[in-house]
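# Examination of the molecular architecture
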Amino acid sequence: MEADDIWRHIDEQRSDLADFLETLTPQQWATPSLCTGWTVRDVVAHLTQSKLGWRRLLVEGLRSGFRFNAMVSRCARQDTSTPEELVATLRSMVGSRRKPPGTAVVDPLMDTLVHGQDIAIPLGVSRSMPVPLAVLAAERLWTMGFPFNAKRRFRGTKLTATDADFSVGTGQEIKAPIQDIVLTLAGRETAFRQIKSE
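Residues numbered from 1 in each chain as written. Predicted model: local features only at pLDDT ≥ 70, side-chain atom pairs only at ≥ 80, totals over all residues. Heavy atoms only, no water.

Our next topic: the sheet that holds strand 2 (residues 167–169). The strand order 2-1-3 describes an open sheet built from three strands, whose pairing is mixed. In this open sheet, the two strands that pair with only one neighbour each are strand 2 and strand 3 (172–176). Neighbour to neighbour, the strand axes of the sheet diverge by 15° on average, direction disregarded. Two strands pair when backbone bridges link them, and strand 1 (residues 157–161) and strand 2 are joined in this way by three bridges, in the antiparallel orientation. By the bridge assignment, Leu159 is partnered in strand 2 with Val168. Contacting strand 1 and strand 3, helix 10 (residues 178–185) crosses the sheet at an angle of about 140° to strand 1. (Pairing = 2+ DSSP bridges. Helix = DSSP H or I, 4+ residues; strand = E, 2+ residues; numbered from the N terminus. Axes fitted to C-alpha atoms, helices over the stretch in contact; angles between N-to-C directions. Contact = heavy atoms within 4.5 Å.)

Right, here's the structure in full:
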């Protein structure tokens, strides 16, 4: 898929997620997400911080001892934006072509798809991933290495989608819908337990 097409899908997914977030109650914003230790609000704050530039990343990296996960977690939790401000920021990112330094064009799409599920699943809300976009995300997750290291984590396992033309790895085969595979590759243990039990 061409970069312009990927950006168009990123815009669509951000707009759709913003529409969904506008329906949430204060209690739902405070609900624990699938990201350990993060509320729904923290996840949305993280999504809006993907536009940070090199200078800000360097400062935040220094403050966190260049520990990536610690930096990301701290930035999300310390963001003081209200839910309304977070939704507005997410909407303002529609049309932007800015992405975190050193990342691929598909990364903002992957983030929006995965974090949309991090929010929706604990709230008991069904949000489907468009299959072609989920395949793009799964391919990126499989090949990117840090921070997910999917190839290492699933050594000796073959993951095959039941609803898409997607299969990676070798060994014992596990079949599941592509959306569940995306979440599994992204380290969501609930998704992995689900596909292993199917």
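Additional details are given in the paragraphs that follow.
Packed helices, taken two at a time, are described by the angle between their axes plus the distance between the axes. With their axes 9 Å apart at the nearest point, helix 3 (residues 40–48) and helix 7 (residues 106–120) run at an angle of 170° to one another. As far as their axial angle goes, helix 7 and helix 3 are roughly antiparallel. Along the contact surface, helix 3 presents Val40, Val43, Val44, His46 and Leu47, while helix 7 presents Asp111, Thr112, His115 and Ile119. In terms of residue class, the contact of helix 3 with helix 7 is made up of five nonpolar, three polar and one charged. (Parallel < 35°, antiparallel > 145°, perpendicular 65-115°, else oblique. Nonpolar A, V, L, I, M, F, W, Y, C, P; charged D, E, K, R; others polar.)

Taken residue by residue, the protein gives an average pLDDT of 87. The fraction at 70 or more is 83%. Of all helices and strands in the protein, the one with the weakest mean pLDDT is helix 4 (residues 54–63) (53), whereas helix 2 (residues 26–29) scores best (98). (pLDDT = per-residue confidence, 0-100.)

Relative to each other, helix 1 (residues 3–21) and helix 7 sit at 25°, their axes nearing to 9 Å. Classified by the interaxial angle, the pair formed by helix 1 and helix 7 is roughly parallel. Between helix 1 and helix 7 lies a crossing of left-handed hand. Residues Ile6, Trp7, His9, Ile10, Gln13, Arg14, Leu17, Phe20 and Leu21 of helix 1 form the contact with helix 7, whose own contacting residues are Val106, Pro108, Leu109, Thr112, Leu113, Gly116, Ile119 and Ala120. Classifying every residue of the contact of helix 1 with helix 7 gives 12 nonpolar, four polar and one charged. (Left-handed = near helix turned anticlockwise from the far one by under 90°.)

Mapped onto the elements of the fold, Glu189 is located in helix 11 (residues 189–197). Residues Glu189 and Leu34 lie 155 residues apart in sequence; the distance between their C-alpha atoms is 8.9 Å.

Looking now at the nonpolar core. Membership of the largest hydrophobic core comes to 32 residues, with the highest contact counts inside it found for Leu109, Phe166, Ile178, Ile181, Val182 and Leu185. Elements supplying a minimum of two residues to this core: helix 1, helix 7, helix 8 (131–143), strand 1, strand 3 and helix 10. The biggest single contributor to this core is helix 8, with eight residues. If near-sequence neighbours (up to four positions away) are discounted, Val182 is found in contact with Val114, Met129, Ala134, Ala137, Ala138 and Leu141. Counting 21 residues, the second-largest nonpolar core is a separate cluster that includes Trp38, Leu47, Met93 and Leu123. (Core = buried A, V, L, I, M, F, W, Y, C linked by side-chain atoms within 4.5 Å. Buried < 20%, exposed > 50% of the residue type's maximum accessible area, 1.4 Å probe, protein only.)

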